[in-house]
Structure formats: C-alpha cells, structure tokens
Amino acid sequence: MRVTFWGVRGSFPVAHPKVTRIGGNTSCVALRAEGAPLLVIDAGTGFRHLGRQLRESEFAKGKGEGALLLSHTHWDHIQGFMYFEPFFKEGNKFTVVARGDHDRKLKQIFQAQTESPYFSYGLDSFKAELTWKPVMEDEQFSIGPWRISTVRLNHPGVALGYRIEHGGRSFIYMTDTAPYTEQWLEHGFHVRKPEKDPEALDRLRAHGKKLDAFTKGADLLLYDTFFTPEQYGQNPHWGHSTPDEGLRVAREGGVKSFYFFHHHPEAWDDDLEARVKSYAKRFGSSDLRIDVAREGETIEM
Ligand SMILES: [Zn+2]
Ligand SMILES: [Zn+2]
C-alpha cells in the first residue's frame with residue numbers, strides 16, 4: 001500500500017513561512033493499493049488538495065470509487081469536506097464512515113454544518129453517490145480488499161482510531177487522543193478523574209490494554225503528538241498526546257515505524273524537526289523507526 005499525507009496539522013490550518021517544510025493543512029491521509037478503492041482518513045483542509053490531485057484520475061470521469069473514514073467530526077477533521085472536487089462529479093461513489101449510532105444522525109451531522117448562515121450550499125449540491133456508514137469502536141469491516149478495525153480514543157466527543165490491513169501490511173491512524181492514564185474523556189470537556197471515580201480508572205486500564213492489542217505488530221503507526229510534555233501538563237483535558245506517550249504505545253505494540261502527526265499549530269519546522277531528531281536518537285532503533293509526517297510525502301509500505 002501507498003500512504004500519502006495531505007494534511008498533518010492539528011486543530012487549525014496554518015499558513016506561515018515557518019511551516020513550509022512540514023505543512024500547514026489539517027488532517028487528511030490517503031491510502032492507495034493496486035485494484036483497491038481509494039481510502040482516505042479524515043477530511044481536514046488537506047482533503048481539498050487531494051481532490052485537486054484527482055483531476056487526472058478516474059474520479060474526473062465519474063468512475064471513481066472511494067471511502068472516507070473519519071476519526072471524529074471536530075472542525076480540523078472535516079473542514080475540507082465541502083470542497084472535495086470528486087464529490088461534485090456524477091458517477092463517483094463514496095462511503096463515508098464515522099462513529100455514530102444510526103445512518104440518519106451521521107448525515108445530519110454533516111448537513112448541520114452547511115446550514116445558513118454558516119455556509120452557502122448543502123450536501124444536495126454533491127453529484128456523487130454518498131453512502132453513510134456509521135460504525136462504533138471494536139468493529140471490523142471491509143471496504144473492497146481493505147480490512148479495517150476500530151478502537152475508541154480518549155478525546156472530548158470521542159474519536160475513533162483505525163487499523164487498516166492490506167497485502168500483508170498494516171497501517172494505524174490514531175488521533176486525537178489523550179493518554180489512558182490520568183482521565184477518561186467523554187463529551188465536551190466532561191472529565192472523569194480516577195481518584196474521584198474508580199470506574200474511570202478501570203476503564204482507563206482496560207483501554208490501555210486494548211490499545212496494546214490493537215497496535216500489535218503494525219508496520220506504521222501515525223499518532224497524535226500534538227503536545228510537548230509541558231504543554232500536556234497545562235491542558236490534559238484537551239484530549240491530545242505527547243511523543244512520549246505515542247512511543248510508549250509503539251513499543252508496547254512492537255510497531256516498526258512511528259510517525260509524529262497532528263502537529264501543534266505553533267510547532268514550527270525547526271522546532272518540530274529538532275524534537276523528532278531528539279526522540280529518534282533516544283528511542284529509535286533498527287526495530288523502531290521514528291519520523292515526522294510531512295504534507296505531500298508518500299510512503300511505500
Ligand atoms: Zn484534531
Ligand atoms: Zn478533536
């Protein structure tokens with residue numbers, strides 16, 4: 001499989017001379033494999049650029065097939081949704097997968113964000129056929145030859161992590177998530193702290209174990225490294241991780257490659273590259289490669 005990073009930034013898109021090497025668009029990753037439909041994870045502002053790149057493909061002729069998996073529907077993961085050119089071409093077919101209890105609710109979530117006075121056109125402007133597929137954590141399903149499983153992440157509003165397998169290779173997408181140590185995050189900033197709520201501690205432990213099984217033996221783990229440990233200490237309830245936590249998960253699961261992802265809007269290229277280099281020096285080995293996701297980069301797996 002081939003993995004391309006179209007958006008690697010977290011929370012807010014950044015246009016600034018200090019992010020030109022790593023990129024400023026928000027979360028969007030595309031997976032391609034011979035004979036398989038296009039698979040995209042998250043529709044941040046990078047999703048629009050992916051759509052433009054598909055102008056020379058079967059999607060421009062209305063013969064494209066693909067699926068969009070959403071970690072969750074916070075703005076930075078859906079801002080490109082209404083700007084994806086292949087959605088406007090009749091004949092294209094897409095499955096939109098996100099966490100939800102039933103089909104109507106999922107469509108309504110997207111419809112609601114286009115309503116006046118927030119936006120100028122609705123989902124009925126799309127000519128492509130969109131099928132809504134709500135999923136929950138701990139599910140397994142297939143899209144063409146892609147085998148996909150889900151896990152619940154520790155984030156306000158709840159996000160899903162995805163493990164995708166094809167041709168003997170495995171790719172894991174895990175953002176946005178806080179560590180499974182201090183607190184259990186639910187909707188909004190509703191926080192359950194273990195010292196006041198023993199059930200929250202049980203949940204955290206159980207989910208920590210689940211993550212180890214979920215990541216086991218993966219070839220590539222793309223992980224939420226939004227915070228430095230100092231920043232995390234200031235805002236643990238925001239639902240984001242540090243490189244230390246991501247690398248702990250990678251080591252527990254015996255992951256082969258670990259990529260920093262969902263970069264902080266104020267993490268400039270120089271700082272981020274120095275940070276990745278320092279972590280690679282301390283924790284990298286011939287068994288664990290450590291790198292940073294850069295917009296526009298493609299990894300052959
Ligand atoms: Zn995010
Ligand atoms: Zn989020």
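Because the structure is predicted, anything quoted here is derived from the model rather than measured. (Residues numbered from 1 in each chain as written. Chains lettered and ligands numbered in written order. Predicted model: local features only at pLDDT ≥ 70, side-chain atom pairs only at ≥ 80, totals over all residues.)

A.B. asks: Just checking my understanding: could you explain the overall build of the protein chain for this structure?
C.D. replies: Within the protein chain one finds six helices and 16 strands. Principal axes of the C-alpha set define a box for the protein chain whose edges measure 50 × 40 × 40 Å. Burial statistics for the protein chain: of 301 residues in total, 44% are counted as buried. The contacts of the protein chain with a sequence gap of at least 6 include a subset with a gap of at least 24, amounting to 68%. (Helix = DSSP H or I, 4+ residues; strand = E, 2+ residues; numbered from the N terminus. Buried ≥ 20, exposed ≤ 12 C-beta atoms within 10 Å, placed from the backbone. Contact = placed C-beta atoms within 7 Å.)

A.B. asks: Looking at this model, I keep getting lost on the sheet that holds strand 1 (residues 2-7). Mind explaining?
C.D. replies: Two modes of strand pairing occur in sheets, parallel and antiparallel, and in both the strands are linked by backbone hydrogen bonds. In space, the seven strands of this open sheet follow the order 6-5-4-3-2-1-16, with mixed pairing throughout. Looking at strand neighbours, the two that pair on one side only are strand 6 (129-135) and strand 16 (298-300), the edges of this open sheet. Within the sheet, the average angular offset between the axes of one strand and its neighbour, ignoring direction, is 20°. With four bridges joining them, strand 3 (residues 38-41) and strand 4 (residues 65-69) adopt parallel strand pairing. Pairing of Ile-41 across the sheet is with Leu-69, part of strand 4. (Pairing = 2+ DSSP bridges. Axes fitted to C-alpha atoms, helices over the stretch in contact; angles between N-to-C directions.)

A.B. asks: Is there a simple way to think about the nonpolar core in this case?
C.D. replies: One recurring pattern in soluble globular proteins is that nonpolar side chains are buried together. Formed by 77 residues in total, the largest nonpolar core has its most connected members in Val-29, Val-40, Leu-68, Leu-221 and Leu-222. Setting aside chain neighbours within four positions, we find Leu-222 in contact with Val-29, Ile-172, Tyr-173, Met-174, Tyr-259, Phe-261 and Ala-293. (Core = buried A, V, L, I, M, F, W, Y, C linked by C-beta atoms within 7 Å.)

A.B. asks: Help me understand helix 1 (residues 46-53) in this model?
C.D. replies: In an α-helix, one turn spans 3.6 residues; hence positions three or four apart end up facing the same way. Of the positions making up helix 1, those classed as buried are Gly-46, Phe-47, Arg-48, Leu-50 and Gly-51. Buried residues along helix 1 sit against strand 1, strand 2 (28-32) and strand 3.

A.B. asks: Please clarify how the packing of helix 3 (residues 198-215) against helix 5 (residues 243-253) should be interpreted in this entry.
C.D. replies: If you want to describe how two helices pack, look at the angle between their axes and the distance between the axes. Where helix 3 meets helix 5, the axes come as close as 8 Å, and the angle between the chain directions of the two elements is 60°. With respect to helix 5, the axis of helix 3 lies oblique. In the crossing of helix 3 with helix 5, the sense of the turn from one axis to the other is right-handed. From helix 3, Leu-211, Asp-212 and Thr-215 reach across to helix 5, where they touch Val-249, Glu-252 and Gly-253. Within the contact of helix 3 with helix 5, the residues separate by chemical class into two nonpolar, two polar and two charged. (Parallel < 35°, antiparallel > 145°, perpendicular 65-115°, else oblique. Left-handed = near helix turned anticlockwise from the far one by under 90°. Nonpolar A, V, L, I, M, F, W, Y, C, P; charged D, E, K, R; others polar.)

A.B. asks: It is not clear to me how the sheet that holds strand 10 (residues 169-174) should be interpreted in this structure. Could you clarify?
C.D. replies: Taking strand neighbours across the sheet as the criterion, the seven strands line up as 7-8-9-10-13-14-15 in an open arrangement whose pairing is mixed. In this open sheet, the two edge strands, each paired with only one partner strand, are strand 7 (140-143) and strand 15 (289-292). For this sheet the average axis-to-axis angle between neighbouring strands, irrespective of direction, equals 20°. The pairing of strand 14 (residues 257-261) with strand 15 spans four bridges and is parallel.

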